Amino acid sequence: MSLSEVYSADELRRRAYRHVRGEIGAVDHVGDHLLNPHALHEFEGRKLRDAAVLVPVIDDGGQANVIFTLRTATLRSHSGQIAFPGGAIDPEDRSAEEAALRETEEEIGLSRSYVETVGRLPDYVSFTGFRITPVIGVVTRGYHLTLNPVEVDEVFEVPLSFLMDPRNHRQDSIVRQGIERHFYQMPYGERNIWGITAGIVRSLYERLYA
């Protein structure tokens with residue numbers, strides 16, 4: 001199989017159906033605690049807020065690209081950071097998939113009619129108190145984006161082949177309030193994908209491509 005075939009949306013769809021399609025409500029979790037086992041006590045007895053993000057993989061016929069957003073600098077949390085479109089799961093959302101698609105429409109104007117959800121990754125538990133369900137979506141070209149200026153400054157694409165290459169997965173750390181936090185980062189040109197978003201990308205790699 002050629003590289004363009006390995007990192008195509010068709011191959012991603014095939015791997016997703018084979019490995020993660022049936023993992024609705026998967027009991028295995030990933031998250032910030034895997035790189036920070038010394039901080040496991042921070043999750044004890046803590047009520048986590050449920051959220052969902054869409055991992056949008058564009059079907060370009062050859063090698064696929066993944067959509068990322070740059071959050072505005074005025075947001076209360078994770079301002080100015082690179083993220084997948086998504087947010088809290090509302091009571092009226094019937095599933096994590098519906099929440100991810102709704103939030104994606106609200107944030108960047110990507111209509112769900114262009115998105116085929118093909119599976120979930122294990123829930124990602126964050127130090128910020130969220131249990132995030134990453135929903136993998138294959139996106140058909142022809143869509144039109146309208147960014148919500150309150151939430152998103154910019155949208156850009158990164159080749160799936162770059163993201164699924166473990167040589168581009170670096171580990172780093174930062175000290176906040178006297179506590180060292182370890183995380184993944186994946187610099188791409190002038191962009192730096194890191195933290196929760198990089199952790200979800202790493203989960204996609206470990207689940208489907210490792």
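Read on for an overview of the structure. (Residues numbered from 1 in each chain as written. Predicted model: local features only at pLDDT ≥ 70, side-chain atom pairs only at ≥ 80, totals over all residues. Heavy atoms only, no water.)

## Structural notes on the pattern of salt bridges
Next up, step 1: For the structure on display, the rule yields 17 salt bridges.
Next up, step 2: Among the salt bridges present, the one from Arg13 reaches Glu116, with a minimum N-O distance of 3.0 Å. Here the residue Arg13 occupies a position in helix 2 (residues 9–19), and Glu116 occupies one in strand 6 (residues 115–120), the gap between them amounting to 103 residues.
Next up, step 3: In this structure Arg13 comes out as buried when scored by relative accessible area, which is 18%.
Next up, step 4: One salt bridge in this structure joins Glu106 and Arg102, with 3.3 Å as the shortest N-O distance. Note that Glu106 and Arg102 are positioned in helix 3 (residues 96–108) at a spacing of 4 residues, about one turn of the helix.
Next up, step 5: The class for Glu106 is partly exposed, based on a relative accessible area of 41%.
Next up, step 6: Using a relative accessible area of 13% as the deciding quantity, one classes Arg102 as buried.
Next up, step 7: Several salt bridges converge on common partners, so that one network encompasses Asp90, Asp93, Arg102, Glu103 and Glu106. (Salt bridge = Lys/Arg side-chain N within 4 Å of Asp/Glu carboxyl O. Helix = DSSP H or I, 4+ residues; strand = E, 2+ residues; numbered from the N terminus. Buried < 20%, exposed > 50% of the residue type's maximum accessible area, 1.4 Å probe, protein only.)

## Quick word on the sheet that holds strand 11 (residues 179–188)
Next up, step 1: The strand order 10-11-12 describes an open sheet built from 3 strands, whose pairing is antiparallel. Only two strands of the sheet have a single neighbouring strand rather than two, namely strand 10 (170–176) and strand 12 (191–194). Between one strand axis and the next, the sheet turns by 45° as a mean value, whatever way the strands run.
Next up, step 2: Bridge analysis of strand 11 against strand 12 gives 4 bridges, and the strand direction is antiparallel. Across the sheet, residue Tyr188 finds its bridge partner in strand 12, namely Arg191.
Next up, step 3: Strands strand 11 and strand 12 of the sheet are contacted by helix 5 (residues 195–208), whose axis makes an angle of about 65° with strand 11. (Pairing = 2+ DSSP bridges. Axes fitted to C-alpha atoms, helices over the stretch in contact; angles between N-to-C directions. Contact = heavy atoms within 4.5 Å.)

## Quick word on helix 3
Next up, step 1: Its 13 residues place the ends of helix 3 18 Å apart at the C-alpha level, agreeing with the 18 Å of an ideal helix rising 1.5 Å per residue.
Next up, step 2: For helix 3, the buried fraction is high: 11 of the 13 residues fall into the buried class.
Next up, step 3: Within helix 3 the residues assigned to the buried category are Ala96, Glu97, Glu98, Ala99, Ala100, Leu101, Arg102, Glu103, Thr104, Glu107 and Ile108.
Next up, step 4: Next to the buried residues of helix 3 lie strand 2 (49–59), strand 3 (65–71), strand 5 (86–88), strand 6, strand 8 (130–140) and strand 9 (152–159).
Next up, step 5: Remark: Gly109 follows helix 3 within two positions and exhibits a positive phi of approximately 75°. (Expected span 1.5 Å × (residues − 1).)

## Overview of the pairing of strand 8
Next up, step 1: Among the 11 residues that make up strand 8, 8 are buried, leaving the element largely enclosed by the rest of the structure.
Next up, step 2: Note: strand 2 against strand 8, 11 bridges, orientation parallel. When the bridges of strand 8 are listed, Ile58 appears paired with Val139.
Next up, step 3: Where strand 7 (residues 124–125) lies against strand 8, 2 bridges are found, and the strand directions are antiparallel. Residue Val125 lies in a different strand from strand 8, and its bridge partner there is Arg131.
Next up, step 4: Turn length for the strand 7-strand 8 hairpin, with the two strands adjacent in sequence and antiparallel, is 4 residues, and the turn residue Gly129 shows positive phi of about 95°.

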